[in-house]
Amino acid sequence: MNSTAKAFWMGMKQSNAFIDYFTTGMEGEDWLQKPAGVPNAAIWILGHLAHSRARFLALLTGQMHLEEGWEAFFGMGVEPQDPSSYPNVETCRAVLDARLQDLKEYLETATEEDLEGPVCMPSEYFKTKSAVLVLLTHHEAHHTGALSMIRRALGKDRVI
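Residues numbered from 1 in each chain as written. Predicted model: local features only at pLDDT ≥ 70, side-chain atom pairs only at ≥ 80, totals over all residues. Heavy atoms only, no water.

Draft legend 1. Focus on the packing of aromatic side chains. A complete count under the given rule lists 7 aromatic pairs for this structure. With a centroid separation of 5.6 Å and 15° between ring planes, the pair formed by F18 and F22 is classed as stacked. Placement of the pair is F18 and F22 together in helix 1 (residues 3-23), with a separation of 4 residues, close to one helical turn. Residue F22 is classed as buried on the basis of its relative accessible area of 13%. Relative to F74, the ring of W70 has its centre 5.1 Å away and its plane inclined at 70°; by these criteria the two rings are edge-to-face. Here the residue W70 and the residue F74 both occupy positions in helix 3 (residues 70-74), the gap between them amounting to 4 residues, near one helical turn. Here W70 falls in the buried class, since its relative accessible area comes to 5%. Owing to a relative accessible area of 0%, F74 belongs among the buried residues under this scheme. Three or more aromatic residues joined by ring pairs form one cluster here, namely W70, F73, F74 and Y86. (Phe/Tyr/Trp six-rings, centres within 6.5 Å; stacked < 30°, edge-to-face > 60°. Helix = DSSP H or I, 4+ residues; strand = E, 2+ residues; numbered from the N terminus. Buried < 20%, exposed > 50% of the residue type's maximum accessible area, 1.4 Å probe, protein only.)

This is the structure in structure tokens:
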């Protein structure tokens, strides 16, 4: 893995670790709660991150790995729905982990030239694959931070 790809991979691995940390001990109704000051429930964040990883990967690889029906739940700008209607935690987590593995496989073979090259699908926002990876890591940090806020608002113990 080249140095640029390795830096992005380290960021994504850390994001995944924080998702694990901030959701430790959450169960049942915890996932469906939307505490004051937090725009979405933890289950939405988990599903949204999984869905978004697939969308970002499509720009990097040209291959779509979207789960059927998930755009209506987790797409950018969708109206929040009843959290109990979302796919369950285990399903969201499995998709999140699968897309992380897909990202790792892409980064293991990406060259510096590839990362500075154009995206694989039309985009008005991204000119290079590196630009996609920059926003991907920023996006992960933003939503992972919201998980930490939910955790504390639910009165869960400190994990860090």
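Draft legend 2. Spatial organisation of the side chain of H139. Within the secondary structure layout, H139 lies in helix 6 (residues 129-153). Residue class for H139 comes out buried when judged on its relative accessible area of 15%. In this structure the side chain of H139 is engaged in a polar contact, spanning 2.9 Å, whose partner is the side chain of H48. With residues near it in sequence (within four places) discarded, H139 still touches H48, L49, S52 and F56. (Polar contact = N/O pair within 3.5 Å; in protein donor to acceptor, adjacent residues only side chain to side chain. Contact = heavy atoms within 4.5 Å.)

Draft legend 3. Looking closely at helix 1. For helix 1, spanning 21 residues, the distance from its first C-alpha to its last is 30 Å, which sits close to the expected 30 Å at 1.5 Å a residue. The complete set of buried residues in helix 1 reads A5, F8, W9, M12, S15, N16, A17, I19, F22 and T23. The elements touched by buried residues of helix 1 are helix 2 (42-61), helix 4 (89-109), helix 5 (112-115) and helix 6. By the N-cap criterion, in which a side-chain oxygen at the helix start approaches the backbone nitrogen of a residue two or three places on, helix 1 is capped by N2, the distance to T4 being 2.9 Å. Note on helix 1: the residue one or two positions beyond its end, G25, has a positive phi of about 85°. (Expected span 1.5 Å × (residues − 1).)

Draft legend 4. Broad picture of the packing of helix 2 against helix 4. Where helix 2 meets helix 4, the axes come as close as 9 Å, and the angle between the chain directions of the two elements is 25°. Put simply, helix 2 runs roughly parallel to helix 4. The element helix 2 and its partner helix 4 pack so that their crossing is left-handed. Note on element contacts: helix 4 touches helix 2 through V89, C92, R93, V95, L96, R99, L100, D102, L103 and Y106, opposite I43, L46, G47, L49, A50, R53, A54, L57, L60 and T61. Its residues assigned to classes, the contact of helix 2 with helix 4 shows 14 nonpolar, 2 polar and 4 charged. (Axes fitted to C-alpha atoms, helices over the stretch in contact; angles between N-to-C directions. Parallel < 35°, antiparallel > 145°, perpendicular 65-115°, else oblique. Left-handed = near helix turned anticlockwise from the far one by under 90°. Nonpolar A, V, L, I, M, F, W, Y, C, P; charged D, E, K, R; others polar.)

Draft legend 5. Main features of the side chain of N40. The residue N40 is located in the loop between helix 1 and helix 2 in this model. Assessed through its relative accessible area of 13%, N40 is described here as buried.

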